[in-house]
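# Structural characterization, general
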Amino acid sequence: MVTALITHSACLGHDTPPGHPERVERLRTVLAVLDGMDLQRHEAPMAAEADILRVHPESHLRALREAAPEEGLVALDGDTFLSPGSLEAAWRCVGAALKGVDLVLGGQAQTAFAAVRPPGHHAERETAMGFCLFGTVAAAAKYALDHHGLARVAILDFDVHHGNGTQDLVEDDPRILFCSSHQAPLFPGTGAAHETGADDNVVNVPLPAGTDWPTLRRAWNRTILPRVEAFAPEMIFISAGFDCHRADPLGGMTLEAADFGLLTERIMEVAEECCGGRVVSVLEGGYDLAALAAGVAEHVNVLKGGA
């Protein structure tokens, strides 16, 4: 199975303050662990502005451009920062996810993994937050629908935090099924089970601190994956956050690295049934470097057909 790895050095140019959990070393660590894998490697292009405007209004882009510094850092909120390289990094994040769509739908790869930062699943229509500037996965899902003419896609989010931004960007689009398992209560405080979208196209499974692999597996097998199967997407997107690991400083779940591989196996089984295994995964959270590296290795190894 051919798996594409899409990344760009510009994603190392997004700086955050000393001690910030979403730091340059995250991506360096991910790229190092993937360095020896047999992957089809691609450089992330800059997304076209029109591709970002599918999910964000012009006012959001304008506000970020006006806030972006020529030097130093600008705080958008207590968690989210802009440096001189941040906007190119965020543009490349979207470009990486779109490149993954093109490669998979063009038959050059069966799966794709976008190793990029900053993450994207907290960015709402007009609000950058939670380390995120643009809704990367939401933009890629809309691109697959609008540019490539797919009828239905699914976004599966296993980050420890709820993808409030992704939900905000897709919940009114019946062509997109958004499913999230996440710890609750936890930032950003959204993702209750009763949040189901305008067309019953949102599935939220909040889970308590201390959640282990058997509990998470039951949630996916009983609630999330049956909904995906019933929806029959033509492509599956993954918001791949690795902060459910027991060592992560920002979460309270207790997964081990191997569990991310086991969950990816289940997703791939459903993807094979629904859409010929066409999966595009995008890096979201994961803030303990060793745990992040190990989880990404497990995840990508399954994407490329390893056991």
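Now for a quick tour of the structure. (Residues numbered from 1 in each chain as written. Predicted model: local features only at pLDDT ≥ 70, side-chain atom pairs only at ≥ 80, totals over all residues. Heavy atoms only, no water.)

### Some thoughts on the overall build of the protein
The criterion, for reference: Secondary structure follows DSSP: runs of H or I at least 4 residues long count as helices, runs of E at least 2 residues long count as strands, and numbering of each begins at the N terminus. Radius of gyration here is computed from C-alpha atoms only, and the compact-globule reference equals 2.2 Å multiplied by the residue count raised to the power 0.38. Relative accessible area decides the class of each residue, using a 1.4 Å probe on protein chains only: under 20% of the type maximum gives buried, over 50% gives exposed, and in between gives partly exposed. Contacts were defined at the residue level, with two residues in contact if any of their heavy atoms lie within 4.5 Å. Working definition of accessibility: Shrake-Rupley area with a 1.4 Å probe, residue cover restricted to the visible protein chains.
What the protein contains, in helices and strands, is nine helices and ten strands. Rg of the C-alpha trace for the protein: 17 Å, near the compact-globule value of 19 Å for 307 residues, within the 12% margin. Seen through its C-alpha atoms, the protein measures out along the principal axes to roughly 50 × 45 × 40 Å. Considering the protein as a whole, with its 307 residues, one finds that 56% of them fall into the buried category. Pairs at least 24 apart in sequence give 76% of the contacts found in the protein among residues at least 6 apart. Total accessible area on the protein stands at roughly 10,700 Å², and carbon and sulfur atoms take up 50% of it.

### A look at the side chain of R92
Within the secondary structure, R92 sits in helix α4 (residues 86–105). We classify R92 as buried; its relative accessible area is 14%. Not counting chain neighbours up to four residues away, the residues in contact with R92 comprise H8, A10, C11, A44, P45 and M46.

### Some details on unusual backbone geometry
With an omega dihedral of 0°, the bond running from A184 to P185 counts as a cis peptide bond. Considering the arrangement of structural elements, one finds P185 in the loop between β7 (176–183) and β8 (202–207). The amide bond that connects F187 to the next residue, P188, takes the cis arrangement and shows omega of 5°. Summarising the element assignment, P188 is placed in the loop between β7 and β8. Positive phi outside glycine occurs at F131, with the angle close to 80°. Mapped onto the elements, F131 comes out in the loop between β5 (111–114) and α5 (136–146).

### Considering the packing of helix α1 (residues 24–34) against helix α9 (residues 289–303)
Selection criterion: Only the stretch in contact is used when fitting a helix axis, every axis being a line fitted to C-alpha atoms; angles between N-to-C directions are given from 0 to 180 degrees. Just so you know how the angles are binned, under 35 degrees is roughly parallel, over 145 roughly antiparallel, 65 to 115 roughly perpendicular, and the rest oblique. Here a crossing is called left-handed whenever its near helix is offset anticlockwise from the far helix by less than a right angle, and right-handed whenever the offset is clockwise. Amino acids outside the nonpolar list (Ala, Val, Leu, Ile, Met, Phe, Trp, Tyr, Cys, Pro) and the charged list (Asp, Glu, Lys, Arg) are all regarded as polar, and Gly is one of them.
In the contact formed by α1 and α9, the axes pass within 9 Å of each other and the chain directions differ by 45°. Regarding the angle of α1 to α9, the classification is oblique. Classified by chirality, the crossing of α9 by α1 is right-handed. Contact with α1, carried on its side by E25, R26, T29, V30, V33 and L34, involves L289, L292, A293, V296, A297 and V300 of α9 and no other residues of that element. For the contact of α1 with α9, the residue count by class is nine nonpolar, one polar and two charged.

### Observations concerning the pairing of β5
Looking along a regular strand, one sees side chains alternate from face to face of the sheet. To be explicit about the condition: In short, DSSP must find at least two bridges between two strands for them to pair.
Every second residue of β5 is oriented toward a common face, with T111 and F113 on one face and A112 and A114 on the other, all of them buried. Note: strand β1 (residues 3–7) against β5, four bridges, orientation parallel. Its bridge partner lying in β5, T3 is registered against T111. Here four bridges tie β5 to strand β10 (residues 279–283), and the two strands are oriented parallel to one another. Residue pairing for β10: A114 is matched across the bridge by V282.

### Quick word on the sheet that holds strand β6 (residues 153–157)
Overall, parallel pairing links the eight strands, which are arranged β2-β1-β5-β10-β9-β6-β7-β8 in an open sheet. Edge strands, defined here as strands with exactly one partner in the open sheet, are β2 (40–43) and β8. Neighbour-to-neighbour, the strand axes of the sheet open up by a mean angle of 15°, direction not taken into account. Across five bridges, the pairing between β6 and β7 is parallel. Bridged to A154 within β7 is L177. Packed onto the sheet, α4 meets β1, β2, β5, β9 (236–240) and β10 and runs at close to 165° relative to β10.

### A few points about α1
Within the span of α1, buried status applies to V24, R26, L27, T29, V30 and L34. On its buried side, α1 packs onto β1, β2, β5, β10 and α9.

### A short note on the pattern of salt bridges
Rule in force here: Salt bridge criterion: a side-chain nitrogen from Lys or Arg within 4 Å of a carboxyl oxygen from Asp or Glu.
Throughout the structure, instances matching the rule amount to 16 salt bridges. A salt bridge links D51 to R54; its shortest N-O distance comes to 2.5 Å. Overall, D51 belongs to the buried group, its relative accessible area being 11%. Overall, the relative accessible area of 27% leaves R54 in the partly exposed class. Between R92 and E88 there is a salt bridge whose closest N-O contact spans 3.1 Å. Of this pair, R92 and E88 are both found in helix α4, four residues apart, which corresponds to roughly one turn of the helix. Owing to a relative accessible area of 35%, E88 belongs among the partly exposed residues under this scheme.

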